[in-house]
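Understanding the architecture of this molecule
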Amino acid sequence: MPSGNDKPFYITTPIYYINAVPHIGHAYTTVLADTVARFQRLRGREVVLATGTDEHAEKIIRVAKDRGMTPRAYCDELADQWRECWCRLDITFDEFIRTSEPRHHAAVQEVFRRLLESGDVYKGQYEGWYCVTCATFHLETELLDGKCPNEECGHSPVEQRQQEAYFFAASRYCERLLAFLRANPGFIRPDFRQNEVLSFVEGGVHDACVSRPNDGWGVPIPGDEAHVVYVWFDALINYITVAGWPDDMERFERLWPADIHLMAKDILPRFHGSLWPMMLMALGIPLPGCVAAHGFWQMDGTKISKSLGNVVDPFALAQQLHDETGMTLDVALDAQRYFLLRETPFGQDASFTSETFRARLNADLANDLGNALNRVLPIVARSLGGVIPEGEMDPALAAGITRAASAVNAGTEALDFRGALDGVWNLIGQLNKYIDTQAPWNLAKDEARRDVLCNVAFSGLETLRCVTVLLAPYIPHAAGEMRLQLGLPPAVEGVFDALAAPRGEAIAGNAVSAGSPVFPRVDKATTRADAGATPASKLEKEPQPVTETISYDDFAKLALRVGTVLAGERVEGADKLYALKVDLGEPEPRSIVAGLAQDFPLDELVGRQIVVVANLEPRKVRGVLSQGMLLAVTNSETDRPCAIVTVDRPAAPGSGIR
Ligand code: MSP
């Protein structure tokens, strides 16, 4: 079999039950798999990312019946919807397998034939309990108060089954599996899940019931069509069907073993950590490279699940972000993707709340990443003729890029997505400090320091170019939009060097296009988990109607100007006040005192472009000179500032507003 980089990288998601449409939990697994797939492609590997639908469960027959449909018609409709969802999320899957496809039926029947022949599958009598919701057989001793012991299916009622059935002789492979698991600690990831699997197997593996009476839906058992194959036994085989087994052994030899089977912890110990490896052992097929299980997304401490009804719809959430902030839908989906990838270490449970979601997007995307871009691009636009200059790369930033690249490489390889992104955000933090220290807005005022300005602009934008490459597998659309602003093609191809920094694409000489910020801020009303409900902002007290008018001449007296907030600090002894340094394109930044300190952290203001009344009489506020007024929106209910008036594209400081 091919090895190393000749072998295509084969990664799978679970094939999902399609008794409902995907929620954010399914999106999570699929997004993780897509990130790995994009990363491997960027490194030049051929990749096969497979996902699909698991259609032969009894609960599917029931849902179809409730809808007055045949299982086939119902699954055709739902499978199309799932495929469509992954397309809308821009999941770059190469294979979408449905267990109702003929190629899969053929593979399952061939497995059965071979295992019947070897005696690993035999006919017997099943007497026990079955949970239709999670499609699991349980022993009497496993039940919890007479119900399914599985918390994730909400401890559904179980049904007693007494049936002639086929069994898989799992007990024959128990010792071999234990020896394998102990000898291959990297097989189950993350490490700490290895023990869960070990203790499940050490607890004793019984021969497993792998059929049910033929109810007209499922894979008939070859030679005995009174039975169909048990849904889990059928579903796991999808991984080899996709790889071409048994008909296209040339493809199979190239693709197998799968590099990673990805899933959540619910289907690890019993199914992917033990039943599947034992099935492969019985078939004489090598085991996959690794089986990796992440934790659950929860809401209010409960797993997000269609059976429990507490789902978050990824599209409704993205649509709401788009409607309320104006970010493109693709970028809104990326923002959501970023949150999923960054918020929690791989393997741990995570909690979905609108507060954590909003806070992450504002802090990491709008502030850190947005500021870095929006503080350099406008200077190039204004002071360097809109063209990225040649310049010397700052050595500390160059070293930072190398560090970030190795964090992304090592992190993504190890499924430590958060670690990978931490590495990129360390670099972004370093870049923001560099911009603070170099203060290019001051350099731009001094013709004699033009060389230094060129070096700073080049170093800043070259760092951002590398950031777009490193982030391409993580937030592909947003990275693409940033690249367009740097005058680069949106797609990242052939510029990722696994061992060092992203390889050079020339940016000097590119015309920048300083469009609207890629990630606008998300206000408090946005991103409710129950997307679609009336946002809080719309429930606020009606604003008072405007009754008096002023003359045009009076309006013309106001000098409204665009300003860039350079820095700020609290005014001593005043809880509400900040003293801000604001660049209005004048020789010296102005000092402006603003009553924002209780509602906006300073780092949300620094770097932003704001609107200033520039011809107000200067006055002292709490002993600090204020040379103008910043415009903000007042919440009519609380009478406090709730949003800052800003401009939707970078503009030269001092630009007039009419
Ligand atoms: N059909 C089986 C899998 C067969 S694979 C050979 C199945 N399907 S499922 O629709 O129930 O999907 C389970 C998978 O969906 C989990 O393993 C996980 O990948 C994903 N998730 C479902 N809810 C989730 C959360 N709340 N949080 C994280 N992942 C979630 O089991």
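Use the structure listed above.
Below: a short report on this structure. (Residues numbered from 1 in each chain as written. Predicted model: local features only at pLDDT ≥ 70, side-chain atom pairs only at ≥ 80, totals over all residues. Heavy atoms only, no water.)

1. Describing the pairing of strand β20 (residues 609–613)
Applied cut-off: The buried label goes to any residue with under 20% of its type's maximum accessible area, the exposed label to any with over 50%, and the partly exposed label to all in between, with areas taken from a 1.4 Å probe on protein chains only. Under the DSSP-based scheme used, a helix requires at least four consecutive residues in state H or I and a strand at least two consecutive residues in state E, with every element numbered from the N terminus. Strands are treated as partners if at least two bridges between them are detected by DSSP.
With five of five residues buried, β20 lies mostly within the body of the structure. Neither face of β20 is open: one carries Q609, V611 and V613, the other I610 and V612, and all of them are buried. In terms of strand pairing, β20 meets strand β23 (residues 629–630) through two bridges, oriented antiparallel. Directly across from V613, in β23, lies its bridge partner M629.

2. Let's talk about the site of the ligand
Going by this rule: Being near a molecule or strand, for a residue, means having at least one of its heavy atoms within 4 Å of it. For the purposes of these results, a polar contact is taken to be a pair of N or O atoms within 3.5 Å, where, inside protein, one atom must be able to donate a hydrogen and its partner to accept one; residues adjacent in sequence count only when each atom of the pair is a side-chain atom. Surface exposure here means Shrake-Rupley accessible area, sampled with a 1.4 Å probe, where a residue is shielded only by the protein chains that are shown. Grid points spaced at 1 Å and placed over the protein atoms alone form the basis of the search, with a cavity being a set where a 1.4 Å probe fits but cannot get out and a pocket an open set showing protein on both sides within 12 Å along at least five of seven lines. Lining residues have an atom within 4 Å of a point. What decides whether a molecule sits in a cavity or pocket is whether more than half of its atoms lie within 2 Å of the grid points. Just so you know the grouping, Ala, Val, Leu, Ile, Met, Phe, Trp, Tyr, Cys and Pro go in nonpolar, Asp, Glu, Lys and Arg go in charged, and all remaining residues, Gly too, go in polar.
Every one of the 26 residues lining the ligand counts as a neighbour, but I15, T29, D54, W297 and I304 are closest to it. One nitrogen or oxygen atom from the main chain of A264 is found 3.0 Å from an oxygen atom belonging to the ligand. In isolation the ligand exposes 670 Å². Once the protein is present, 96% of that is buried. Comparing atom positions with the cavity grids shows the ligand to sit within the second largest pocket. Counting residues per element, the ones that place at least two in the shell around the ligand are β1 (9–17), α1 (24–42), α7 (231–236), α8 (238–242) and β12 (260–264). The element contributing the most residues to the shell around the ligand is β1, with four residues. Residue composition of the shell around the ligand, grouped by class: 14 nonpolar, eight polar and four charged.

3. Examining the packing of aromatic side chains
Inclusion rule: Any two of the Phe, Tyr and Trp rings considered here, Trp counted by its six-membered ring, make a pair once their centres fall within 6.5 Å; the pair's planes then place it as stacked at under 30 degrees, edge-to-face at over 60, or tilted in between. Charges are assigned to positions over rings by a cutoff of 6 Å between ring centre and Lys NZ or Arg CZ, combined with an angular limit of 35 degrees from the ring normal.
Scanning all chains against the criterion turns up 29 aromatic pairs. Geometrically, the ring pair formed by Y16 and W86 is tilted, given 5.9 Å between the ring centres and 50° between the ring planes. Of this pair, Y16 sits in strand β1 while W86 is found in helix α3 (residues 71–88), placing the two residues 70 residues apart along the sequence. Here Y16 and W86 have matching classes, each one buried. A connected cluster of aromatic rings, assembled from ring pairs, spans Y122, Y126, Y130, F137, F167 and Y230. Above the plane of the ring of F315 lies R88, whose end atom (NZ or CZ) is 3.9 Å from the centre. Positioned above the aromatic ring of F296 is the side chain of K303, whose terminal nitrogen or guanidinium carbon lies 4.6 Å from the ring centre.

4. Topic: the sheet that holds strand β11 (residues 224–229)
The pairing of strands in a sheet happens through backbone hydrogen bonds and is either parallel or antiparallel. Strand order in the open sheet formed by three strands is β9-β11-β10, with antiparallel pairing between adjacent strands. Every other strand in the sheet has two partners, leaving β9 (211–213) and β10 (220–221) as the edge strands with one partner each. Here two bridges tie β10 to β11, and the two strands are oriented antiparallel to one another. Along β11, the bridge assignment pairs P220 with V228.

5. Digging into the layout of surface pockets
Quick reminder of the rule: Grid points are joined across faces, edges and corners, and a volume is the space filled by probe spheres set on the points.
The computed volume of the second largest pocket comes to approximately 980 Å³. Considering the residues around the second largest pocket, the lining is formed by 43 residues, among which N150, E152, D266, I267 and K303 are closest to the centre. Those elements that provide at least two residues to the lining of the second largest pocket are β1, α1, β5 (136–138), α6 (192–202), α7, α8 and α10 (268–283). In the lining of the second largest pocket, the residues fall into 19 nonpolar, 14 polar and ten charged.

6. Things to note about the pairing of strand β13 (residues 290–294)
The criterion, for reference: The definition of a right-handed crossover adopted here requires that, viewed with the strands pointing away, the path from the first strand over the helix to the second runs clockwise.
Along β13, five of the five residues are buried, which leaves the element largely enclosed by surrounding structure. As judged from the two bridges shared by strand β7 (residues 188–189) and β13, these two strands associate in the parallel manner. Note that in β13 the partner of I188 across the bridge is V291. Relative to β13, β12 is paired through five bridges, and the arrangement is parallel. When the bridges of β13 are listed, A264 appears paired with H294. Following the backbone out of β12, through α10 and into the adjacent parallel β13, one traces a crossover that is right-handed.

7. A few points about the nonpolar core
The condition that has to hold: Only buried residues count toward a nonpolar core. Its members are Ala, Val, Leu, Ile, Met, Phe, Trp, Tyr and Cys residues joined through side-chain atoms within 4.5 Å. Note: domain ranges come from an automatic or database domain assignment. We call two residues in contact whenever any of their non-hydrogen atoms come within 4.5 Å of each other.
Within the largest apolar cluster, 178 residues are counted, with the highest numbers of intra-cluster contacts made by F168, F233 and W256. In terms of residue count, helix α17 (residues 450–471) provides more of this core than any other element does, eleven residues in total. Here this core spans two domains, and each of domain 1 (4–294) and domain 2 (317–500) adds at least three residues to it. With sequence-adjacent residues up to four places away left out, F168 is seen in contact with L115, D120, V121, Y173, D207, A208, V210, F233, L275, M278, M279 and A282. Judged by nonpolar contacts, the second largest core, of 18 residues, contains A559, L596, V606 and V612.

8. A few points about unusual backbone geometry
Of note, the amide linkage connecting R189 to P190 takes the cis form, showing an omega dihedral of -10°. Residue W245 is joined to P246 through a cis peptide bond whose omega torsion reads 0°. By the secondary structure assignment, P246 is in the loop between α8 and α9 (249–255). Positive phi values are uncommon outside glycine, yet D145 reaches one of about 50°. Here D145 shows up in the loop between β5 and β6 (159–168). In this structure, D300 takes a positive phi of about 50° despite not being glycine. With respect to the secondary-structure elements, D300 resides in the loop between β14 (297–299) and β15 (302–303).

Geometric values such as these leave the question of function open.
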